[in-house]
Amino acid sequence: MGTNRHVSVWHDRGVGRHSLFWRLFAAYAAVGAAAVTVLVLAPISVSVPTAPREIVVLLVGFAIALVVYLVVLARVLAPLERLTRLMQRIDPLTPGRRLDEVGGDAEVVALTEAFNEMLDRLETERRESALRAVAAQEAERRRIARELHDEIGQTLTGLALRSAAIARRAPPGIRTELEDMRNAARQGADDVRTIARALRPEVLDELGLRSALVALSRTLAERSGLVVERALDEDLALSAESELVIYRIAQEALTNVVRHAHASRVQIRLCGVGDGGVTLTVRDDGIGPPPDTVADATGIRGMRERALLVDGELSIRAALPRGTELRLWLPNPMRR
Ligand SMILES: Nc1ncnc2c1ncn2[C@@H]1O[C@H](COP(=O)(O)OP(=O)(O)OP(=O)(O)O)[C@@H](O)[C@H]1O
Ligand SMILES: [Mg+2]
C-alpha cells in the first residue's frame, strides 16, 4: 500500500521541482566551471616546476571554490536539517501528529511523505498490538481471579467452616486456638475475594461503570482513610472497551493518590462533555504532580497506553491550590 502511494506522491509533487540530486550536481558543475573560467581568463600560468607564487594563487582559488560550494550545500541541505529536527520531536505517546512540509527539493518532500506514511503504519500496528496485549492481560487477570476465588478461596472457606465445627466439639483448652484458626482462614478467604475482585471488576460487567467506580472509591476510602468525593454522571453512552479503560485508569490513579500523594481528600468525577465525549477527573490535594522524569513510569505509561486504545487523551498536571489533577478525555464513541 505504502509503496504505491509513495510513488504517486513522488510523481505528483516532483513536477516543477528541482531534484536534490540535480541541484547538487549543478552546484558542483557551476563551481567547477567558474574555477576553469578563472583559470582560462586570468593572467596566470602554471610553470613546471611550479613556482611558490603560483601555488599560493592556486590554493586561494581552491579555497574560494570550497567556500562557494559550502554555502550552496548549506542552502540545499537546510530543509533536510529542518526535517530531522521535526522528526526528533515526534512523540510516540502523542499519536496523530504529522510532519508539515518543510519545502525544499522533491526528495525532501518525498521523505516527509514517506515518514508520515510510516507513522500511519506504526501507529496502526502499535494500536493493534496494544489492544492484543491489553486483551491478553485482562484474560489472564480473569483466569487468575477465577482460580484464586474458586480454588484458594474455597479451600480457605472450607477450612474456616471445618475449624468452626471442630471448635464447637473441642475441649475448652484448644477451643480458643481453633477459633483463632477459623478467624485466620476467614480473613484469608476475604482477602482472596478482595484481590480477585480487584483483578476482575465483575461489578463492571454486572452493574456498569458507575457502580464499579462507586465500589472502587468506597473500598479505597475504607482502606486508606481518604475522604473521597464522587460526582459520576449516569447513562453515559460508552462501549464496554471504554468502560474498562476508564475503570482501570481510575483504579491506577486512585492507587497512586493513596501511595504517593500524601493527600487527605480525593475527588473523582465522570461527566459527559459537549459533543458526546466523556471526561474522567481524579484530583487530590496532596504534594503535587510527579516531575517529568518519572512521568513515563510504568503506571502512568500504562494509563497513557490504555487511553490511546480508545483514542483518548490523558493529562496529569498540578491542581489549584495544590495537589494533582489527572484528566482523561474520551471522544464521542460515534466519532471514533
Ligand atoms: N497523585 C500523585 N501525587 C503525587 N505524585 C504522584 C501521583 N501519582 C503518581 N505520582 C508520582 O509519579 C510516579 C510514577 O507513578 P506510576 O504510577 O507510574 O508508578 P508507581 O506508582 O511508582 O509504580 P506502579 O504504578 O508501576 O506500581 C510515582 O512514583 C510518584 O512519585
Ligand atoms: Mg502507580
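It should be noted that the structure appears before, not after, this text.
Reading guide: rules and limits
- Residues numbered from 1 in each chain as written.
- Chains lettered and ligands numbered in written order.
- Predicted model: local features only at pLDDT ≥ 70, side-chain atom pairs only at ≥ 80, totals over all residues.
- Heavy atoms only, no water.
- Pairing = 2+ DSSP bridges.
- Helix = DSSP H or I, 4+ residues; strand = E, 2+ residues; numbered from the N terminus.
- Axes fitted to C-alpha atoms, helices over the stretch in contact; angles between N-to-C directions.
- Contact = heavy atoms within 4.5 Å.
- Donors = N, O, S within 2.8 Å, 3.2 Å for Na, K, Ca; no water.
- Buried < 20%, exposed > 50% of the residue type's maximum accessible area, 1.4 Å probe, protein only.
- Parallel < 35°, antiparallel > 145°, perpendicular 65-115°, else oblique.
- Left-handed = near helix turned anticlockwise from the far one by under 90°.
- Nonpolar A, V, L, I, M, F, W, Y, C, P; charged D, E, K, R; others polar.
- Near = heavy atom within 4 Å.
- Polar contact = N/O pair within 3.5 Å; in protein donor to acceptor, adjacent residues only side chain to side chain.
- Areas by Shrake-Rupley, 256 points an atom, 1.4 Å probe, with all protein chains shown as cover.

A. Geometry of the sheet that holds strand β4 (residues 313-318). Reading across the sheet, the 5 strands line up as β1-β2-β3-β5-β4 and stay open at both edges, with mixed pairing between neighbours. Each end of this open sheet is capped by a strand with a single partner; those strands are β1 (227-232) and β4. Going across the sheet, the axis of each strand differs from the next one's by a mean of 10°, ignoring polarity. Here 6 bridges tie β4 to strand β5 (residues 324-330), and the two strands are oriented antiparallel to one another. Counted as the bridge partner of R317 is E325 from β5. With respect to the sheet, helix α8 (residues 240-261) is in contact with β2 (265-273), β3 (277-284), β4 and β5, its orientation differing from that of β3 by roughly 10°.

B. Fine view of the coordination of the magnesium ion (ligand 2). Every protein donor of the magnesium ion (ligand 2) is listed here as E252 (OE) and N256 (OD1), and their distances to the metal cover 2.1 to 2.2 Å. Remark: N256 and E252 occur in helix α8; sequence separation between them is 4 residues, near one turn of the helix. E252 gets classed as partly exposed once you look at its relative accessible area, which sits at 24%.

C. Structural context of the packing of helix α4 (residues 106-169) against helix α5 (residues 172-199). It is the contact of α4 with α5, at a shortest axis distance of 8 Å, that shows an interaxial angle of 165°. Between α4 and α5, the angle is such that the two are roughly antiparallel. Here the hand of the crossing between α4 and α5 comes out left-handed. Classifying every residue of the contact of α4 with α5 gives 18 nonpolar, 5 polar and 7 charged.

D. Fine view of the site of ligand 1. Taken together, 15 residues lie near ligand 1, and E252, N256, H260, G288 and I300 sit nearest. Within the backbone of G299, one N or O atom sits 3.0 Å away from an oxygen atom of ligand 1. Here ligand 1, which alone exposes 600 Å², has 75% of that area covered by the protein. Mapped onto the shell around ligand 1, the elements with two or more residues apiece are α8 and α9 (298-309).

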